[in-house]
Amino acid sequence: MKNSSDTFKALISHCKEYGYVFPSSEVYDGLGAVYDYGPYGSELKNNIKQFWWNSMVRMHENIVGIDSAIFMHPKIWKASGHVDAFNDPLIDNKTSKKRYRADVLIEDHVAKIEAKIEKEVAKAQKRFGDAFNREEFVTTNGRVLANQEKIDTIMKRFTEATESSNLEEIRQIIIDLEIACPESGSREWTDVRQFNLMFSTEMGSVTSDANKIYLRPETAQGIFVNFLNVQKSSRQKIPFGIAQIGKAFRNEIVARQFIFRMREFEQMEMQFFVRPGDQMKWYEEWKSRRLSWHKALGSPAEKLQFYDHPNLAHYADAAVDIQFQFPFGFKELEGIHSRTDFDLSKHEEFSGKKMQYFDHELDKSYVPYVVETSIGCDRTFLAVLSNAYCEEEVPNAKGGTDTRVVLKIPAALAPVKVAVLPLVNRDGMPEKAGEIIANLKYDFNCQRDDKQTIGKRYRRQDAIGTPFCVTVDTETLENDTVTLRDRDTMEQVRLPINELKAKIGEKVSLNELLKQL
Ligand code: ATP
């Protein structure tokens, strides 16, 4: 059995070998924390985006979509607070010369203590079996309580230091916790400094500060500045939402863990505009709707958890992360933030234009409050693949077993829905395969595979995550039937070619996932 770190490494190399994700600019030795999506990866990513888009825009009469530009007026980032406050505290290790995010070093330290608690819980669970009561155990066991107290003390100190931007204190916490550089093991740390995460460039031909523009670090601001354009043109009434999928850029200091933290990534964000005072109701509502979305996508409940932010961002009055259990631990997959009227009010102030909505029912104008759901498309992609990646022992023809690697991606999201395999490359079988593809390609992404033995072809399609394989054999030529193989059960059924579309269609439709919401 592989441990989770080995599984993660295996997943990364699988992604490269099977055309999911490649390191960017690989022939030039790559570019830090930038990745390219290959033929299967781009299909999966598109399917994830389509599921998100449909779940927001099609499933809600009061949510509409936009596609705003990456380049925006530089004042927008001043107004939003990003120029002054979109910083990460960074610290260098003097021995290894490696740079780290100070907050991440502390959070990782806390995660290790949390892991100790989970180990105690797992041990006790094994000992007590069905009679085990987690709540009772974690509130009474001495070792768990001592570790929980350690965590609470660290988090209290860390929260106070962050809220007061006390960089010296953040450094002192690292020193006091005896946190060592993961690379060199050294505890020689520099001071903590703030580092702005926005990339900038110049617009036009003259290089001066006036022409400086930023690559957007989030898609949300494109929604805020278009709020009235969208509301008026689509005749929406509050409460209503605006959804957008698009690239965002952050000059992340510690970019690691594959596509989890990239410098160029894609966000799927929805800003929901509500009456002032209604925000907490909608915040709770969107927490629950978004959790259901993750479950519909195939994430088991035990791999998802809410994590309340100990420190709120400058714009929020409530914030929670939906964390997913990645192979490297529970980490943020999506953020749900109650952003108050901060952004719209700031844009009013900086642009001098009204950002108000006239509420006919209340007979007055106001700046709406906003509840945002913001999810990383790439992190969702990684979550889907982490759930899907399996190494299984399966019986082989010689009476022994083989290991098969299979991506059990939910069929509706799978890059290729059906592979059509002529058993041999003669006797009219390739032509028959061509006819089947010609008939199915309007409904499903199909692939023909005619290289190697049939067994190897099944393994390859398993590794790609193709939910169905259709095999054309001698009998097909006699009576127009084929075998249909299911990726997960590996069972094969024989059926007439003209039943394929309906049979596959009911299993691979995105609508089935949408109906679960
Ligand atoms: P983190 O704490 O992990 O840096 P964040 O709190 O800064 O994330 P948000 O600003 O809330 O992230 O962005 C919303 C979502 O965008 C995140 O939940 C995540 O899925 C995604 N995201 C943010 N930064 C990155 C990144 N560098 N690479 C990939 N996805 C990202």
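Whatever comes next refers back to the structure up there.
Residues numbered from 1 in each chain as written. Predicted model: local features only at pLDDT ≥ 70, side-chain atom pairs only at ≥ 80, totals over all residues. Heavy atoms only, no water.

(A) Looking closely at helix α14 (residues 429-440). Over its twelve residues, α14 runs 17 Å from end to end, which matches the ideal 16 Å to within 8%, given 1.5 Å per residue. Those residues of α14 lying buried are M429, P430, K432, A433, I436, I437 and L440. Buried residues along α14 cover an arc of 160 degrees about the axis, so they all sit on one side. Where α14 is buried, its residues contact β19 (418-422), β20 (446-448), β21 (468-472), α16 (474-479), β22 (481-486) and α17 (500-508). (Helix = DSSP H or I, 4+ residues; strand = E, 2+ residues; numbered from the N terminus. Expected span 1.5 Å × (residues − 1). Buried < 20%, exposed > 50% of the residue type's maximum accessible area, 1.4 Å probe, protein only. Arc of directions from axis to C-beta. Contact = heavy atoms within 4.5 Å.)

(B) Spotlight on the pairing of strand β4 (residues 87-92). Taking burial as the measure, the six residues of β4 include five buried ones, the bulk of the element. Direction of pairing for β4 relative to strand β6 (residues 193-196): antiparallel, over a ladder of four bridges. Bridge assignment links N87 to a residue of β6, and that residue is N196. Inspection of the sheet shows β4 paired to strand β5 (residues 99-101) by three bridges, in the antiparallel sense. The residue bridging L90 from the neighbouring strand is R101, located in β5. (Pairing = 2+ DSSP bridges.)

(C) Focus on the packing of helix α2 (residues 39-58) against helix α11 (residues 279-296). The geometry of α2 relative to α11 is characterised by a closest axis approach of 12 Å and an angle of 145 degrees between their N-to-C directions. Considering only the axes of α2 and α11, their crossing is right-handed. Every residue of α11 that contacts α2 at F51, W52, S55 and M56 is listed here: W286, R290, W293 and A296. Here the residues of the contact of α2 with α11 are counted per class, giving six nonpolar, one polar and one charged. (Axes fitted to C-alpha atoms, helices over the stretch in contact; angles between N-to-C directions. Left-handed = near helix turned anticlockwise from the far one by under 90°. Nonpolar A, V, L, I, M, F, W, Y, C, P; charged D, E, K, R; others polar.)

(D) Representation of the state of the cysteines. The final tally for this structure, using the stated rule, is zero disulfides. The structure places no disulfide on C377, whose sulfur is separated from the nearest cysteine sulfur, that of C15, by 14 Å. (Disulfide = S-S within 2.5 Å.)

(E) Layout of unusual backbone geometry. Between I238 and the following residue, P239, the backbone shows a cis peptide bond with an omega angle of 5 degrees. With respect to the helices, strands and loops of the structure, P239 is situated in the loop between α10 (227-233) and β9 (240-249). Despite not being glycine, Q452 shows a phi value in the positive range, around 65 degrees. With respect to the element layout, Q452 can be found in the loop between β20 and α15 (454-464). A relative accessible area of 54% places Q452 in the exposed class. Although it is not a glycine, M490 sits at a positive phi angle of roughly 60 degrees. Looking at M490, the relative accessible area reads 27%, which means it is partly exposed.

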